[in-house]
Amino acid sequence: MSEPGAAGPSPAAIQVSRIMRPDDANIAGNVHGGTILKMIEEAGAIISTRHCNSQAGEPCVAALARVERTDFLSPVCIGEVANVSAEITYTSRHSVEVQVNVMSENILTGAKKVTNKATLWYVPLSLKNVNKVVEVPPIQYARKEQEDEGKKRYEEQKLDRLETKQRNGDVILPVINPDRQTKEPHTVGYSQSSLIHLVGPSDCTLLGFVHGGVTMKLMDEVAGIVAARHCKTNIVTASVDAINFHEKIKKGCVITVSGRMTFTSNKSMEIEVFVDADPFVDEPRERYRAVSAFFTYVSLSKEGKPLPVPQLLTETEDEKRRFEEGKGRYLQTKAKRQAQMQQQAAQQ
Amino acid sequence: MSEPGAAGPSPAAIQVSRIMRPDDANIAGNVHGGTILKMIEEAGAIISTRHCNSQAGEPCVAALARVERTDFLSPVCIGEVANVSAEITYTSRHSVEVQVNVMSENILTGAKKVTNKATLWYVPLSLKNVNKVVEVPPIQYARKEQEDEGKKRYEEQKLDRLETKQRNGDVILPVINPDRQTKEPHTVGYSQSSLIHLVGPSDCTLLGFVHGGVTMKLMDEVAGIVAARHCKTNIVTASVDAINFHEKIKKGCVITVSGRMTFTSNKSMEIEVFVDADPFVDEPRERYRAVSAFFTYVSLSKEGKPLPVPQLLTETEDEKRRFEEGKGRYLQTKAKRQAQMQQQAAQQ
Amino acid sequence: MSEPGAAGPSPAAIQVSRIMRPDDANIAGNVHGGTILKMIEEAGAIISTRHCNSQAGEPCVAALARVERTDFLSPVCIGEVANVSAEITYTSRHSVEVQVNVMSENILTGAKKVTNKATLWYVPLSLKNVNKVVEVPPIQYARKEQEDEGKKRYEEQKLDRLETKQRNGDVILPVINPDRQTKEPHTVGYSQSSLIHLVGPSDCTLLGFVHGGVTMKLMDEVAGIVAARHCKTNIVTASVDAINFHEKIKKGCVITVSGRMTFTSNKSMEIEVFVDADPFVDEPRERYRAVSAFFTYVSLSKEGKPLPVPQLLTETEDEKRRFEEGKGRYLQTKAKRQAQMQQQAAQQ
């Protein structure tokens, strides 16, 4: 079904289909990227938990450790069916790589489109001792190269996870003068937003920790509000940079999800999102940074064409620095995409 | 309020009313049959649990054992109020029969329509030992015939439950080559669909088992996707055959709900739905078939008139056999309905 | 079922029952006051919309204008059934008074407790022209005094609505130094919280405006987080002061719900909550204050006994002023309750 492919007994693919409902979408009828991310993660959690328990061993629950960068290739609409298929493509001693493909299907016309592809890494935690990572049963590969390529992907993401752990000290300062918000459109402070959410039982896995997909959905919600406040048009998620889940979030926590715009190109906006957890009842622990990520949004006309985006007005030194960093990421992604396209053209 | 009627102290009727929201409906604004089935089951679970605990005895929770065939007589729309009323109409030593009536009400025009009537059977399970069925306090009947008629219904459903237990070995094989799906419309493989759902705490009763209504709603969701994929128009649930809940499904299970079309008449489609449970963590048990049922859908024009349905193309021997069996059920139902109408005409 | 009572044709009572789920409750298993407020408002919206359309006239939808102060008399738990019954007790030319009673029922033991009683005022808005208030068909009263008492209640709430319209200019300033949050527990800034919510289709009535119950649920959510952050124990809603809904909130708006603690007594906390609406897409309108209210919370031990509450540390002049105002409301309520109890004792 998907390229990497693997031929073992347990890593059989799973498929999930769901009709997109009005609440899954914005008022223009475009399904939130967060809805798709949540479906992707649920499929990943099921297949990796199933695999990790497939051999007699310590019962365990797979916890999301990382999602690789994913691009949303075409918007999904209310009434369409999102078909999510997941399969295990690599296993290391303590982690599982899941490849997920999402197709949107207009069941009235039969038209199908690739919505996005995503790669997720899970780590199995013991059901009895949540701080213990158990061993993953190895999958079998159809060809030796599949294992080698998987190992390469594994090493790369491991490195990247270490790096991002540093960046996590940053904090989104609330706007000091709230009147500013109504006065200067297109500044960072004008659109920055945050929400709090009390983690309920349905947000959590069997271990009592928040599903990675629930967190990603809230992050997309905040990022989408930042983007809409900035450009006051219909906006959709274009891509999400790799997200690392360094710290677990427990049931009963209050999480604060904050977003601020970091960069705008002619037709896209980059929003940085932080998730902070606040274990407020019965726990001595202080508030801590659980996740952070960059979301990219585009603005769409009523006909679904990309619209120009107002340029972000940076005021402070920090804002200017972050804008330049965002520009760096933007140009790097652009270069990578062009290289891929040239490679593909050369292969044909 | 309903015909069978019973005059005891505890089986006081219960009523539930709710405004239908956009998420309860398809894009044409017709409320999903599954939404109604879920409301029906919740009312039934409340009234039967209340009754079974009405006398000093072992605390227990009523678990859904069976829903009799129900016809959806008229579609409900967003903004209308669904009024669900339930009462207990018969009790055997270990089971409770609940009669539920659903009326849709347009609160703007005052128009009321019968949506459907359903009969549900519950079995009380001990709160302390979930494998123990406790005794049901008898209700009092206004007339002796009510008890006799109830007993007859009880015996009939008991027989039927035994029979369907056999059929449960069947499995829906996932489509091997997913490209086939785009190639041959109107085949069984073209429209077959499945979803997976991780059973969360809010899906469950106090005993930690999935509410029957939650399962039925998911079954209707899959059946609706199969029907829409087949005929590519607005579809609505016309009826659900009797459903038996042979096996409980525990919190933390993954359930796979799969549907395939078995039969088409000129204006209706029959879809068989299977629910398989997968207790993947902490339980040695293998995947097992928890429920199966037949849903019938019709296709509606924008004016709400029934449309012709494309005939199902059967390819394998099994598909042909199932088509014939579906035809048998269709003709049997048709004959039964005609007999009822003649009887009613004769009585007037 | 309720005291005021009225005997007309259309104001038949409506009843709604629902089993309380884990998602309706906090981690200690106590159902959120907001869940109950949402159920209450839904019942009120159904019965008043039904009544206002009961005579041939312009089709209309009842919009919540005001909820009178309500006390939560006993906490509801997961697995219990909340029985909500509503009836119309007074009609003026342009408004409807609905009396709602909520009983919690333990269906295992049969124990029933009054959870709370609430009085809601609705105004019917034309379906064609949302700015037009249509006329309400009069109800018939069993006794003349019922009409007179209703009129008195009507005049009182009208006065009160005018008064609170003034207070709405206030704004919750975000904490200027975010580090303070970890440093000075029990200050106003330490516990203040806010959330944003994108108004989706399922939050709205047929007119496309947010259900009052949805707003109240979000307000209770924020107030509960403020209370829990302050005292770091299990908290429950004890009462809600009268809430006036001055301004409608449209589908597609982003609403910001902010809460700050204003007053603490030995065993209770008062939290002020503001709802601001931000019509960010396609609308020239500025952010506006839609609703504000005072919620009172108590802290409960594991045995359900009220715990002492840490005193609120006020720092600024404004905080001290608000504390004194809160104290005034607290003493007034206490005096009123004592007077009622004496009156009841005298009547017996």
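Residues numbered from 1 in each chain as written. Chains lettered and ligands numbered in written order. Predicted model: local features only at pLDDT ≥ 70, side-chain atom pairs only at ≥ 80, totals over all residues. Heavy atoms only, no water.

You'll find chain A entered in an unreviewed UniProt entry as palmitoyl-CoA hydrolase, with Junco hyemalis given as the organism. Per UniProt, the comment on chain A under Subcellular location (unreviewed entry) is "Cytoplasm". (UniProt positions renumbered as here; feature names shortened; annotations may be inferred.)

Peer 1: Is there a simple way to think about the overall build of chain A in this case?
Peer 2: Scanning chain A for helices and strands turns up six helices and 12 strands. For chain A, with 348 residues in total, the buried portion stands at 57%. By sequence separation, contacts in chain A at least 24 residues apart represent 74% of the contacts at least 6 residues apart. Split by element, the accessible area of chain A, about 15300 Å² in all, is 51% carbon and sulfur. (Helix = DSSP H or I, 4+ residues; strand = E, 2+ residues; numbered from the N terminus. Buried < 20%, exposed > 50% of the residue type's maximum accessible area, 1.4 Å probe, protein only. Contact = heavy atoms within 4.5 Å. Areas by Shrake-Rupley, 256 points an atom, 1.4 Å probe, with all protein chains shown as cover.)

Peer 1: In this structure, what is going on with the sheet that holds strand β11 (residues 269-278) of chain A? I would like to understand it.
Peer 2: By way of backbone hydrogen bonds, the strands of a sheet pair with one another, either parallel or antiparallel. Residue and element names in this part refer to chain A. With respect to topology, six strands assemble into an open sheet ordered β3-β8-β12-β11-β10-β7, the strand pairing being antiparallel. In the strand order of this sheet, the two ends are held by β3 (70-71) and β7 (193-198), each with one partner. Direction of pairing for strand β8 (residues 234-240) relative to strand β12 (residues 288-300): antiparallel, over a ladder of six bridges. Within the sheet, the bridge partner assigned to Thr237 lies in β12 and is Tyr297. Each of β3, β10 (254-264), β11 and β12 touches helix α6 (residues 317-347); the most contacted strand, β10, lies at about 75° to it. (Pairing = 2+ DSSP bridges. Axes fitted to C-alpha atoms, helices over the stretch in contact; angles between N-to-C directions.)

Peer 1: Looking at this model, I keep getting lost on a nonpolar patch on the surface. Mind explaining?
Peer 2: Nonpolar side chains collect at one region of the surface, where B:Leu127, B:Leu206 and C:Ile78 lie side by side and expose about 220 Å² of accessible area between them. If you trace the backbone, B:Leu127 turns up in the loop between β6 (112-126) and α2 (144-164). (Patch = residues over 30% accessible without salt bridge, like charges linked within 9 Å, V, L, I, M, F, W, Y side chains within 5 Å. Salt bridge = Lys/Arg side-chain N within 4 Å of Asp/Glu carboxyl O.)

Peer 1: Would you take a moment to explain unusual backbone geometry for this structure?
Peer 2: Backbone phi values are negative for most residues with the exception of glycine, while trans is the configuration of most peptide bonds. Even without a glycine there, the phi angle at A:Lys232 is positive, about 50°. Tracing the backbone shows A:Lys232 in the loop between α5 (212-231) and β8. Given the relative accessible area of 37%, A:Lys232 is considered partly exposed. Positive phi outside glycine occurs at B:His186, with the angle close to 75°. Looking at the element boundaries, B:His186 is found in the loop between α3 (180-183) and α4 (188-191). Residue B:His186 is classed as partly exposed on the basis of its relative accessible area, which comes to 27%.

Peer 1: I would appreciate a short explanation of the relation of the copies chain C and chain B in the present structure.
Peer 2: There are two copies of the chain, and a rotation about an axis plus a shift along that axis relates them. Rotating chain C by 180° and translating it 0.0 Å along the rotation axis places it on chain B, where the RMSD comes to 0.1 Å. Between the two chains, the operation in question is that of a two-fold axis. The rotation axis passes nearest to the C-alpha of C:Val16 in chain C, at a distance of 2.2 Å. Taken together, the interface assignments show that 100% of the residues at the interface of chain C recur at the interface of chain B, consistent with an identical surface on both copies. (Least-squares fit on C-alpha atoms with pLDDT ≥ 70 in both.)

Peer 1: Explain the nonpolar core to me, please; I cannot follow it from the model alone.
Peer 2: Across soluble globular proteins, you tend to see nonpolar side chains buried next to one another. Formed by 168 residues in total, the largest nonpolar core has its most connected members in A:Ile249 and B:Ile249. Discounting chain neighbours no more than four positions away, the residues touching B:Ile249 are B:Val199, B:Gly208, B:Phe209, B:Val210, B:Thr215, B:Ile255, B:Val275, B:Ala277, B:Tyr288 and B:Ala290. C:Cys52, C:Ile88, C:Trp121 and C:Phe263 belong to the second largest nonpolar core, which has 83 residues in total. (Core = buried A, V, L, I, M, F, W, Y, C linked by side-chain atoms within 4.5 Å.)

Peer 1: Looking at this structure, how should I read the packing of aromatic side chains?
Peer 2: Aromatic ring pairs: the centre-centre distance and the angle between the two ring planes describe each pair. A full pass over the atoms with the stated rule returns 18 aromatic pairs over all chains. For the ring pair A:Tyr90 and A:Tyr141, a centre distance of 6.3 Å and an interplane angle of 35° mean the geometry is tilted. One end of the pair, A:Tyr90, is in strand β4 (residues 81-91); the other, A:Tyr141, is in the loop between β6 (112-126) and α2 (144-164), and 51 residues separate them in sequence. Exposure remark for A:Tyr141: the relative accessible area of 17% places this residue in the buried category. Here B:Phe263 and B:Tyr330 contribute two aromatic rings whose centre-to-centre distance is 5.4 Å and whose plane-to-plane angle is 45°, an arrangement assigned as tilted. Taken together, the positions of B:Phe263 in strand β10 (residues 254-264) and B:Tyr330 in helix α6 (residues 317-347) put the pair 67 residues apart, joining distant regions of the chain. Classification of B:Phe263 by relative accessible area gives buried; the value is 5%. Residue B:Tyr330 is classed as partly exposed on the basis of its relative accessible area of 30%. Chaining the aromatic ring pairs together yields one cluster made of A:Tyr90, A:Trp121, A:Tyr141 and A:Tyr154. Just above the ring of B:Phe209 sits the side chain of B:Lys248; from NZ or CZ to the centre is 5.5 Å. (Phe/Tyr/Trp six-rings, centres within 6.5 Å; stacked < 30°, edge-to-face > 60°. Lys NZ or Arg CZ within 6 Å of the ring centre and 35° of its normal.)

Peer 1: Please clarify how the environment of B:Arg18 should be interpreted in this entry.
Peer 2: Positionally, B:Arg18 belongs in strand β1 (residues 14-19). Sequence separation between B:Arg18 and B:Val81 is 63 residues; the distance between their C-alpha atoms is 5.4 Å. Those residues in contact with B:Arg18, other than ones at most four positions away along the chain, are B:Asp24, B:Thr35, B:Met39, B:Glu80, B:Val81, B:Ala82, C:Glu42 and C:Ile46. Within the structure, the side chain of B:Arg18 is placed 3.1 Å from the side chain of B:Asp24, a separation counted as a polar contact. (Polar contact = N/O pair within 3.5 Å; in protein donor to acceptor, adjacent residues only side chain to side chain.)

Peer 1: Can you help me understand the sheet that holds strand β5 (residues 96-105) of chain A in this one?
Peer 2: Pairing is antiparallel in the open sheet, where six strands are placed in the order β1-β4-β5-β6-β2-β9 (chain A). Edge positions in the open sheet fall to β1 (14-19) and β9 (243-244) of chain A, since each of these has one partner strand only. Sheet topology note: the β1(A)/β4(A) ladder contains six bridges and is antiparallel. Bridge assignment links A:Arg18 to a residue of β4(A), and that residue is A:Ala82. Helix α1 (residues 33-52) of chain A contacts β1, β2 (60-67), β4, β5 and β6 of chain A of the sheet and is inclined by roughly 40° relative to β4(A). Relative to the sheet, helix α5 (residues 212-231) of chain B contacts β1, β4 and β5 of chain A, its axis offset from that of β1(A) by approximately 80°.

Peer 1: Just checking my understanding: could you explain the environment of A:Val16 for this structure?
Peer 2: Topologically, A:Val16 is positioned in strand β1. When the C-alpha atoms of A:Val16 and A:Ala82 are compared, they prove to be 8.0 Å apart, with 66 residues separating the residues in sequence. Apart from the residues within four sequence positions on either side, A:Val16 is in contact with A:Met39, A:Ala43, A:Ala82, A:Asn83, A:Val84, B:Ser194, B:Leu195 and B:Ile196.

Peer 1: Could you clarify how one ought to interpret the packing of helix α1 (residues 33-52) of chain C against helix α5 (residues 212-231) of chain C in this entry?
Peer 2: In a packed pair of helices, the relevant descriptors are the angle between the two axes and the axis-to-axis distance. Residues and elements named next belong to chain C. For the pair α1 and α5, interaxial distance at closest approach is 8 Å and the crossing angle is 170°. The pairing of α1 with α5 is recorded here as roughly antiparallel in orientation. Here α1 contributes Gly33, Gly34, Thr35, Leu37, Lys38 and Glu41 to the contact with α5, which in turn contributes Gly212, Gly213, Val214, Met216, Lys217 and Asp220. When its residues are assigned to classes, the contact of α1 with α5 shows three nonpolar, five polar and four charged. (Parallel < 35°, antiparallel > 145°, perpendicular 65-115°, else oblique. Nonpolar A, V, L, I, M, F, W, Y, C, P; charged D, E, K, R; others polar.)

Peer 1: Can you help me understand the confidence of the model for chain A in this one?
Peer 2: The predicted coordinates ought not to be read in detail in places where the model reports low pLDDT. Of the residues in chain A, 89% reach a pLDDT of 70 or more, and the chain-wide mean stands at 87. If you check the scores for this complex, the pTM reads 0.84 and the ipTM reads 0.79. (pLDDT = per-residue confidence, 0-100.)

Peer 1: Which parts of the structure should I look at to understand the side chain of C:Thr89?
Peer 2: Residue and element names in this part refer to chain C. The residue Thr89 is located in strand β4 (residues 81-91) in this model. Overall, Thr89 belongs to the buried group, its relative accessible area being 1%. Within the structure, Thr89 has its side chain in polar contact with the side chain of Glu97 (distance 2.6 Å).

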